[in-house]
Every structure is written in structure tokens, then in C-alpha cells.
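As a plain string of letters, each chain reads:
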Amino acid sequence: MRILIMGAGALGSLYGYLLLTAGFDVTFVARGRQYMALKERGLKISGLVEDEIRVDVASKPVDSDLVFLTVKAYDTRNAIEDLRRIRFKSICSLQNGVGNEELLSLAFDSVVGGVTTYGANLRDFGYVVYAGKGITYVGDYKGESAGEFYDLMKTAKINVEKVGDIRRKIWEKASINAVINPLTALCRVENGKIVSIPEIWYVAERIAEECEKVMNFLGYRYQVAREARAVAIKTAKNRSSMLQDIEKGRRTEIEFINGAFVKKGLEFGFEAVYNKLMVKLIRGIEVGMA
Ligand code: KPL
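Every value quoted in this text rests on a predicted model; they were computed, and no experiment measured them.

1. Things to note about the state of the cysteines
Argument step 1. Under the definition given, this model contains zero disulfides.
Argument step 2. Looking at Cys 187, it has no disulfide partner, and the nearest cysteine sulfur is the one in Cys 211, 16 Å off.

2. So, the packing of helix H6 (residues 166-187) against helix H9 (residues 224-234)
Argument step 1. Interaxial distance between H6 and H9 falls to 9 Å at its minimum, and their mutual angle equals 65°. Taken together, H6 and H9 sit at an angle that is classed as roughly perpendicular. Taken as a pair, H6 and H9 cross one another with a handedness that is right-handed. Each of Ser 175, Ile 176, Val 179 and Ile 180 in H6 lies in contact with H9, whose residues at this interface are Val 224, Glu 227, Ala 228, Val 231 and Ala 232.
Argument step 2. Of the residues contributing to the contact of H6 with H9, the split by class is seven nonpolar, one polar and one charged.

3. Some points on the sheet that holds strand E11 (residues 136-142)
Within a sheet, adjacent strands bond to each other through the backbone by hydrogen bonds, running parallel or antiparallel.
Argument step 1. A sheet is described by the order of its strands in space; here eight strands give the open sequence E5-E2-E1-E6-E7-E8-E11-E12, paired in mixed fashion. Every interior strand has two partners, whereas the edge strands, strand E5 (56-58) and strand E12 (160-162), have only one. Across the sheet, the mean angle separating the axes of adjacent strands is 25° when strand polarity is ignored.
Argument step 2. By the bridge criterion, four bridges tie strand E1 (residues 2-6) to strand E6 (residues 66-69) in an arrangement that is parallel. When the bridges of E6 are listed, Ile 5 appears paired with Phe 68.
Argument step 3. Contacting strand E8 (111-116) and E11, H6 crosses the sheet at an angle of about 125° to E11.

4. As for the domain arrangement of the protein chain
Often, the extent of an interface is quoted as the loss of accessible area on bringing the components together.
Argument step 1. Assigned domains within the protein chain: domain 1 (2-164) and domain 2 (168-289).
Argument step 2. With 14 residues of domain 1 in contact, the opposing surface of domain 2 contributes 16 residues.
Argument step 3. When domain 1 packs against domain 2, the two sides together hide about 1,500 Å² of surface, and 60% of this comes from carbon and sulfur.
Argument step 4. Among the residues of domain 1 in contact with domain 2, Tyr 74, Asn 96 and Val 98 are the three that bury the most area, contributing 45% of the side total.
Argument step 5. For the pair domain 1 and domain 2, the interface holds one salt bridge.

Criteria and thresholds
Residues numbered from 1 in each chain as written. Predicted model: local features only at pLDDT ≥ 70, side-chain atom pairs only at ≥ 80, totals over all residues. Heavy atoms only, no water. Disulfide = S-S within 2.5 Å. Axes fitted to C-alpha atoms, helices over the stretch in contact; angles between N-to-C directions. Helix = DSSP H or I, 4+ residues; strand = E, 2+ residues; numbered from the N terminus. Parallel < 35°, antiparallel > 145°, perpendicular 65-115°, else oblique. Left-handed = near helix turned anticlockwise from the far one by under 90°. Contact = heavy atoms within 4.5 Å. Nonpolar A, V, L, I, M, F, W, Y, C, P; charged D, E, K, R; others polar. Pairing = 2+ DSSP bridges. Domains from an automatic or database assignment. Buried area = accessible area lost by both parts, 1.4 Å probe. Salt bridge = Lys/Arg side-chain N within 4 Å of Asp/Glu carboxyl O.

Laid out in C-alpha cells, this is it:
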């Protein structure tokens, strides 16, 4: 079974590592300095596992059986163009935000949605910190291949569950990110502080209310403020992915997180003003950094 990791950043490399060490034939697709580091020195992992391992790395995708898509949401369109040139059976997105699976479904016949809480950070090029064993949910988005990804991950001892409605899971995870990520990035605080600082929590609750309203319109009952609070407390010492992006001067996924709630809200006839404010402020930082 040939596996392609399309986007061997932090999470992609961790997934690639777990599959490779379980005996699968894995190709890591990376770019720039990450590509060079993986090619020259291999992959170093620390945290829950300490290891250094040689990996097959490529700068463009190669024919495979199953593909994991782990690029940033704003790179999905480019990844699709590259993937159109190869043959593969099915693709599973493990990305953040809303809209990735929809784009993939326009291009490919078999698409599996994925949501993961596995924690991975890129400490340096070719060096990943395995910060937390989470849970990964997969479910059919188009076609019926979720079972194959599920079996693969089970074999690699990845904590995985197959769900009937992956769209719901995607919105749930996006709502947690919509509450925690922009506030931690704007206030430059660890996740736990959004709960312990009342001024920040006030805004967090307003964002959560809007997300919940959108989810109710979608037919999902989900207590966003309660769930986000629980995640923020559980990951109190984490620096959110958006905070890390801003600190490193990188583009964020704000448009696919809070932006998705703004867009959906408008479709349902209301303006998600707090979510919109988050998009504008984070975009303001991004533009200022460019
Ligand atoms: O997914 C996360 C992120 O940082 O993107 C949370 C859950 C907020 C953990 O940090």
C-alpha cells in the first residue's frame, strides 16, 4: 500500500512517521527548506516519541493508493492542481477549517473528510515535536473509502473513529478554532488565558454564540462556548496554531475558520459580526506583516 502525505509540515510529518514505522510505504511531499531538511537529514521526532528516521521525500506528488492532505487550507487549490497529475484511489483531508473537502469533491471521485486533535509542532525544518496523542475522526464525504483510511490508521495504532456525519465534526472543530485561535493570536496568549482573562472570555462567548447560531441553522446542536472552554482549559499551555502562524510572520487560516461562519451566517440571513471582526483584525495583521 503506497501512501502519499501531501504537505509534510508538522501534522503531515507526524502522520507520515506513524504510518512509516507501522510498515507502510510512505512518500512525504514537502517544499523549500522542509524538503531539503527531510532529504538531507531525514525526519527527527521528539516529544511523545524520540526518533530519527530516513524518509522518502518528493517535491511533487507521485502515484499512490491513498493520499492524506495536510497542506494549509489556503493551499488546497494548488495541491489539487498537483494531484490532478497523478493516479490515486482516494484522498483524506486532515486539514483545519471548512471548505477543503468541498473543493476536493469537485476534483476527485473519492474524498474522505477528517478531523484530528493530534498535536504536532514544527520545531525546525525536518524536526517535529509530537505534542499530544489526540483522536482522529474520518467519514465518507464523497464515495465510500473512509473504511480504508480507518483500517490503515488502526494498523498504525492511530487513535481513530469512523463517523457517519463528518460534516458535523468539521463544523464542530471549526467552531472551537473560531473561538480560541484568533483571540489567542490577537492577545498573544496561551489557550488557557482566553478563559482566565474575563475581558477575553467576554469576546470568546460572543464569537461562540454566533458559531452556535450557524450550527443550529445547519441542524447541529452543539454548545460551542462550553466545548471551547473545555478545550482551552485542557490545552491551557498550548500556543494555538494561529498564534504560532502570526508569531512566525506566516499567513493564517482565518478565512477558512471564522470566515466560514461569516459566509454561512450570511447564507442564513444574519451577520456574524464578532467572527467578521476576527477575520478583519487577523487579516489586518497579515497584510501589515507582508
Ligand atoms: O486546534 C487547535 C489549534 O491551535 O489550531 C486548538 C484546539 C485550539 C489547540 O491549540
